[in-house]
Amino acid sequence: MSSKPEPSPSERPPAAKPLAAERIRRTACELFYQEGIRAIGVDEIVQRAGVTKPSLYRNFASKDALAAAYLEDYEAGFWKSFEAGKEIHPDNPRAQLMAYLEGLSQRASQAGYRGCGLTNAAVEYPEHEHPARQVAEAHKRRLRARLVELSEAMGATEPETLADGLLLLLEGTYASGQTFGEGGPARALVVVAERLIEASLPR
């Protein structure tokens, strides 16, 4: 029995328009990252997203809740990038880490780089009870613990010290990349990290 032929492109129904909540999250992600969370108001978000203010508040209880959702999305993207080296170097924790650092060095050396959204949020919101600050702090604790795991797997004599040194390099890159852009200190990230790792391994 012959199967029914596929409809031509002109006969296919149009792709579904992204739901309001998705458009709001995407718009907030772009605006919050580029301009800062405090600098962007709800009115601008709904205008850019093409939704109404009641629609925003049906999906997010407040701007603070939307900021926390943005950071959760940002964190998911961070870990995807940070752990991407596992597939390429499954048995080499040092190469896994360096794969991320090489990409970061390139991104942070380009014009328009805005650093780490989670670090930026921690600076914007010094009050620890703020939802955005809580997401940022929890992420940084997870990142520090992950760096300890990688340092242990690399055979560092003092894994916690190496992990903290690497974390300081990361945070310094996030900050200096926004200040210097092309030709800035971020271009030295890989070399400095390699030297730090070498100095932390048994002789």
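In short, a report on the structure. Note on numbering: residues in each chain are counted from 1, in written sequence order. Owing to the predicted nature of the model, reporting of local features is limited to residues with pLDDT of at least 70; listing and counting of side-chain atom pairs is limited to 80 or more, with chain, interface and lining totals taken over all residues. Computation of side-chain values: all heavy atoms of the structure, hydrogens and water removed.

## Topic: the overall build of the chain
Alright, step 1. Each helix is a run of H or I in the DSSP string that is no shorter than four residues. Each strand is a run of E no shorter than two, and both are numbered from the N terminus. A count of helices and strands for the chain gives 10 helices and zero strands.
Alright, step 2. Its C-alpha atoms give the chain principal-axis dimensions of roughly 70 × 60 × 30 Å.
Alright, step 3. Partly exposed describes any residue whose relative accessible area lies between the buried limit of under 20% and the exposed limit of over 50%, with all areas from a 1.4 Å probe on protein chains only and scaled to the type maximum. The buried share of the chain, reckoned over its 203 residues, is 43%.
Alright, step 4. Any two residues whose heavy atoms approach within 4.5 Å are treated as being in contact. When contacts within the chain are restricted to residue pairs at least 6 apart in sequence, long-range pairs at least 24 apart make up 67% of them.
Alright, step 5. Carbon and sulfur atoms make up 54% of the accessible area of the chain, which amounts to about 11,600 Å² in all.
Alright, step 6. Asp and Glu are treated as the negative residues and Lys and Arg as the positive ones, with His and the ends of the chain left uncounted. One atom stands in for each charge, and that atom is NZ of Lys, CZ of Arg, CG of Asp or CD of Glu. Averaged over its 25 positive side-chain charges, the chain has a centre that lies 5 Å from the centre of its 28 negative ones. Where accessible areas are quoted, they stem from the Shrake-Rupley method and a 1.4 Å probe; at the residue level, only the protein chains shown are allowed to cover.

## Re helix H7 (residues 117–124)
Alright, step 1. Along H7, the residues that are buried comprise Gly 117, Leu 118, Thr 119, Asn 120 and Ala 121.
Alright, step 2. Where H7 is buried, its residues touch helix H1 (20–35), helix H4 (63–82), helix H8 (131–154) and helix H9 (159–180).

## Quick notes on the side chain of Ser 109
Alright, step 1. When you line up the elements, Ser 109 lands in the loop between helix H6 (93–108) and H7.
Alright, step 2. Pairs of N or O atoms within 3.5 Å make up the polar contacts considered here, provided that, within protein, one atom can donate a hydrogen while the other can accept it, and that residues adjacent in sequence are counted only when both atoms are side-chain atoms. Engagement of the side chain of Ser 109 in a polar contact is seen with the backbone oxygen of Ser 105, the distance being 2.7 Å.
Alright, step 3. Those residues in contact with Ser 109 that sit more than four places away from it in its chain are Gly 181, Glu 182, Gly 183, Ala 186 and Arg 187.

## What to know about the nonpolar core
One broad rule of soluble globular proteins: the nonpolar side chains tend to lie buried together.
Alright, step 1. To define a nonpolar core, start from buried Ala, Val, Leu, Ile, Met, Phe, Trp, Tyr and Cys residues and group those joined through side-chain atoms within 4.5 Å. Grouped together as the largest cluster of nonpolar side chains are 54 residues, with contacts concentrated most on Phe 32, Phe 82, Leu 97 and Leu 147.
Alright, step 2. Counting residues per element, the ones that place at least two in this core are H1, helix H2 (42–49), H4, H6, H7, H8, H9 and helix H10 (189–200).
Alright, step 3. The greatest single-element share of this core, amounting to nine residues, is contributed by H4.
Alright, step 4. The contacts of Phe 32, once residues within four sequence positions are left out, are Ile 37, Ile 40, Ile 45, Lys 63, Leu 66, Ala 67 and Tyr 70.

## Re the state of the cysteines
Alright, step 1. Disulfide assignment relies on a single distance test, namely cysteine sulfur atoms paired within 2.5 Å. Per the counting criterion, the structure on display carries zero disulfides.
Alright, step 2. Between Cys 29, a cysteine without a disulfide, and Cys 116, which holds the nearest cysteine sulfur, the sulfur-to-sulfur distance is 12 Å.
Alright, step 3. The exposure class assigned to Cys 29 is partly exposed, which follows from its relative accessible area of 30%.

## A closer look at the pattern of salt bridges
Two side chains of opposite charge can pair, provided their charged atoms sit close to one another.
Alright, step 1. For this document, the term salt bridge refers to a Lys or Arg side-chain nitrogen within 4 Å of an Asp or Glu carboxyl oxygen. Tallied over the full model, the rule gives 15 salt bridges.
Alright, step 2. Residues Asp 73 and Arg 25 are paired through a salt bridge, measuring 2.8 Å at the closest nitrogen-oxygen approach. Taken as a pair, Asp 73 in helix H4 and Arg 25 in helix H1 lie far apart in primary sequence, 48 residues in all.
Alright, step 3. A salt bridge links Arg 144 to Asp 164, with the shortest nitrogen-to-oxygen separation between them at 2.7 Å. Of this pair, Arg 144 sits in helix H8 while Asp 164 sits in helix H9, and the two are 20 residues apart along the sequence.
Alright, step 4. By relative accessible area, which is 26% here, Asp 164 ends up partly exposed.

## Description of the packing of aromatic side chains
For any pair of aromatic rings, geometry is given as the distance between the ring centres together with the angle between the planes.
Alright, step 1. Pairing of aromatic rings covers Phe, Tyr and Trp, the last through its six-membered ring, and needs centres within 6.5 Å; plane angles under 30 degrees mean stacked, over 60 mean edge-to-face, and all others mean tilted. The full count for this structure, using the stated rule, is eight aromatic pairs.
Alright, step 2. Between Phe 78 and Trp 79, the ring centres sit 5.1 Å apart and the planes meet at 80 degrees, which makes this aromatic pair edge-to-face. Trp 79 matches Phe 78 in its accessibility class, with the two residues each being buried.
Alright, step 3. A ring pair is formed by Trp 79 and Phe 82, whose centres lie 5.5 Å apart and whose planes are at 85 degrees; its orientation type is edge-to-face. With a gap of three residues between them, Trp 79 and Phe 82 both fall in helix H4, about one helical turn apart.

## Description of H1
Alright, step 1. Helix length check: H1, at 16 residues, gives a terminal C-alpha distance of 22 Å against a target of 22 Å (1.5 Å per residue), a fit within 8%.
Alright, step 2. Taken as a whole, H1 has its buried residues at Arg 23, Ile 24, Thr 27, Ala 28, Leu 31, Phe 32 and Tyr 33.
Alright, step 3. Buried residues in H1 make contact with H2, helix H3 (53–59), H4 and H7.
Alright, step 4. In the stretch just after H1, Gly 36 is the one whose phi turns positive, near 100 degrees. An expected span of 1.5 Å times one less than the residue number is assigned to each helix.

## Quick word on the packing of H7 against H8
Alright, step 1. Structural elements are reduced to axes, namely lines fitted to C-alpha atoms, with helices fitted over the stretch in contact, and the angle between N-to-C directions of any two is expressed from 0 to 180 degrees. Contact geometry of H7 with H8 gives a least axis separation of 8 Å together with a crossing angle of 130 degrees. One finds that H7 runs oblique with respect to H8. Both H7 and H8 take part in a crossing whose hand is left-handed. In contact with Leu 118, Thr 119 and Ala 122 of H7, H8 contributes Arg 133, Val 135, Ala 136, His 139 and Lys 140.
Alright, step 2. Its residues placed into classes, the contact of H7 with H8 shows four nonpolar, two polar and two charged. Orientation is classified from the angle alone, with under 35 degrees giving roughly parallel, over 145 giving roughly antiparallel, 65 to 115 giving roughly perpendicular, and any other angle giving oblique. By convention the crossing between two helices is left-handed if the near helix lies anticlockwise of the far one by an angle smaller than a right angle, and right-handed if it lies clockwise. Residues are grouped as follows: Ala, Val, Leu, Ile, Met, Phe, Trp, Tyr, Cys and Pro are nonpolar; Asp, Glu, Lys and Arg are charged; all remaining types, including Gly, are polar.

All quantities given are derived from atomic positions and should not be read as evidence of function.
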